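# Notes for the structure review
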Amino acid sequence: MERIKEAVMRARAQREKEGAMVPASDAVEPQPAESSGAPSTAPAVPAAPVAPATQDASSPPPAAPDTPAASTSPAAPAAPAQGGGALTAGNIEYRQTKVVHLDPSHLEKNRIISFRKTDERTVSFDRLRTVIMRTMKDNGWRTLAVTSPTASCGKTTVALNLALSIAHQTEQTVLLADFDLRDPNIAEYLGLPESPSLVDYLSDQVSLPEVFVNPGIPRLTLLPNHKAILNSAETMMTSKMHNMVSEIRNRYDTRLVIFDLPPMLTTDDALAFLPQVDCALVVLASGQSTKSQVKETMALLQTTNVVGTVLNKGD
Ligand SMILES: Nc1ncnc2c1ncn2[C@@H]1O[C@H](COP(=O)(O)OP(=O)(O)O)[C@@H](O)[C@H]1O
Ligand SMILES: [Mg+2]
C-alpha cells in the first residue's frame with residue numbers, strides 16, 4: 001500500500017505540473033459492486049450476452065462478453081517505410097509493420113468478437129465505443145488507459161473488443177498497446193506468433209517500428225508484448241518508456257491510443273503510468289469486484305479523467 005500511496009503522490013505531482021484536466025462531465029460513474037456477487041455496479045453500456053470460454057463443433061458460436069466495448073482512431077501506417085514492398089490493408093499502406101492474419105475461431109474462443117462487423121453481439125461494444133469516442137473528441141483526448149481494481153476483470157478482453165470496434169466500424173485509426181507488463185495477454189488472445197515485442201524494444205534489442213503488428217484489419221496497429229517484465233513499476237517510470245509513449249502519441253496526431261494497463265490495486269504500475277494518458281476506462285467484474293475495491297480504485301483515480309466504467313461478466 002505504501003508503494004501505491006507514493007505512486008499516487010507522484011502521479012498527482014506530475015499532473016499538477018502538467019495541468020490536470022477536468023473530468024469529463026458525462027463520464028459514467030460506477031455504483032459500487034457488492035462482494036456478494038450480485039451485480040450492482042452501473043455499467044457504462046448495457047450488458048451483452050455472456051460468452052462461453054470454449055465451444056465444440058456442435059455448439060452455437062460463443063456469445064459476446066457480458067459487457068462489450070468499443071472506440072475509434074484515424075488510420076496511418078504504424079511505422080515509416082523502410083525497404084520491402086508495401087502491403088495494403090484497406091486504403092492504408094503498411095510498410096515494415098508486420099501483417100498477421102487472425103484466426104476467427106481463436107478470437108471467438110477468447111471472447112474477441114468485435115472483428116465481425118455484422119455480429120449483433122458487438123452492439124454493446126459499439127455503444128461503448130461511441131460514448132468513449134464522443135467524450136474523448138469533445139475534450140481533445142487521444143490516449144485511453146484500460147484498468148480495473150484487480151486482475152481478471154476483463155481489461156484485455158474489453159480493450160481488444162473496443163480497439164477492434166473502433167478500427168472496424170469507424171474511420172479512426174487506433175493503436176492498442178499491451179502495457180500490462182507483468183501479465184501481457186494481447187498476443188495470446190489474438191494468437192499472434194512470436195516476434196520482437198515491447199520487452200525487446202525496452203531492452204534495446206529492436207527499434208520501435210519492428211514491434212508493431214497489423215492484424216490484417218485496416219486502421220488497427222498493435223504493440224504486443226510476448227514476455228512478462230518483473231520490475232514493471234520501475235520500467236513504467238523510465239525515460240525510455242516515457243519517450244516511447246510521447247512518440248506513439250505524437251507521431252500520428254490523428255491516432256487514438258489504447259493502453260491495456262495492469263490492475264490498480266495489486267501493484268503501483270498503473271498509477272505510475274496514468275499521468276501519461278489523457279483518460280481511463282475502468283472495468284469492473286460482476287460478482288468479483290467488491291464495493292471496497294471499487295471505492296479504493298476510484299480514490300486512486302481522483303486525478304485521472306475517468307471516461308466510464310464497464311460492468312463486465314454480468315448477466
Ligand atoms: N464478459 C465476460 N464473460 C465471461 N468471461 C469473460 C468476460 N470478459 C472476460 N472474460 C474472461 O475472463 C478472463 C480474464 O479476462 P481478461 O480480459 O484477461 O482480464 P484482465 O485483463 O482484467 O486480467 C479471460 O478468461 C476472459 O476470457
Ligand atoms: Mg489483461
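So, here is what we can say about the structure in this document.

The rules behind these values
Residues numbered from 1 in each chain as written. Chains lettered and ligands numbered in written order. Predicted model: local features only at pLDDT ≥ 70, side-chain atom pairs only at ≥ 80, totals over all residues. Heavy atoms only, no water. Helix = DSSP H or I, 4+ residues; strand = E, 2+ residues; numbered from the N terminus. Buried < 20%, exposed > 50% of the residue type's maximum accessible area, 1.4 Å probe, protein only. Contact = heavy atoms within 4.5 Å. Areas by Shrake-Rupley, 256 points an atom, 1.4 Å probe, with all protein chains shown as cover. Phe/Tyr/Trp six-rings, centres within 6.5 Å; stacked < 30°, edge-to-face > 60°. Lys NZ or Arg CZ within 6 Å of the ring centre and 35° of its normal. Core = buried A, V, L, I, M, F, W, Y, C linked by side-chain atoms within 4.5 Å. Arc of directions from axis to C-beta. Salt bridge = Lys/Arg side-chain N within 4 Å of Asp/Glu carboxyl O.

## Examining the overall build of the protein
Check the secondary structure of the protein and you find 10 helices and 10 strands. Relative to its full complement of 315 residues, the protein shows a buried share of 57%. Pairs at least 24 residues apart make up 80% of the contacts formed inside the protein by residues separated by at least 6 positions. Surface exposure of the protein reaches about 12700 Å², of which carbon and sulfur atoms provide 52%.

## Observations concerning the packing of aromatic side chains
Taken as a whole and assessed by the stated rule, the structure comprises three aromatic pairs. An aromatic cluster of three or more residues is present, and its members are Phe-179, Phe-259 and Phe-273. The ring of Tyr-201 has Lys-240 lying over it, and the distance from NZ or CZ to the ring centre is 4.3 Å.

## A look at the nonpolar core
In this structure, Phe-179, Leu-223, Met-244, Phe-259 and Leu-261 are the most contacted members of the largest nonpolar core, which totals 39 residues. When contributions to this core are tallied by element, the ones reaching two or more residues are strand 5 (174-178), helix 6 (198-202), helix 8 (239-251), strand 8 (256-260), helix 9 (269-273), strand 9 (279-285), helix 10 (291-300) and strand 10 (306-312). In contact with Leu-261, other than residues within four places in its own chain, are Ala-145, Val-146, Thr-147, Lys-155, Phe-179, Asp-180, Met-236, Ala-270, Phe-273 and Leu-274. Core analysis: the second largest hydrophobic core is formed by 38 residues, Leu-102, Leu-128, Leu-281 and Ala-285 among them.

## Some thoughts on the environment of Arg-219
Structurally, Arg-219 is set in the loop between strand 6 (213-214) and strand 7 (220-223). Remark: the alpha-carbon pair of Arg-219 and Leu-175, spanning 44 residues in sequence, is separated by 8.3 Å.

## Considerations on helix 10
Every buried residue of helix 10 is accounted for by Gln-293, Val-294, Thr-297 and Leu-300. Mapping the buried residues of helix 10 onto a view down its axis gives an arc of 130°, with all of them on the same face. Of the residues in helix 10, the exposed ones pointing more than 90 degrees away from the buried face are Ser-292 and Lys-295.

## Remarks on the pattern of salt bridges
This model, assessed by the stated rule, comprises seven salt bridges. For the salt bridge of Lys-240 with Asp-204, the shortest nitrogen-to-oxygen distance reads 2.4 Å. Within this pair, whereas Lys-240 is found in helix 8, its partner Asp-204 is found in the loop between helix 6 and strand 6, the two being separated by 36 residues in sequence.

The analysis is restricted to geometry; functional conclusions fall outside its scope.
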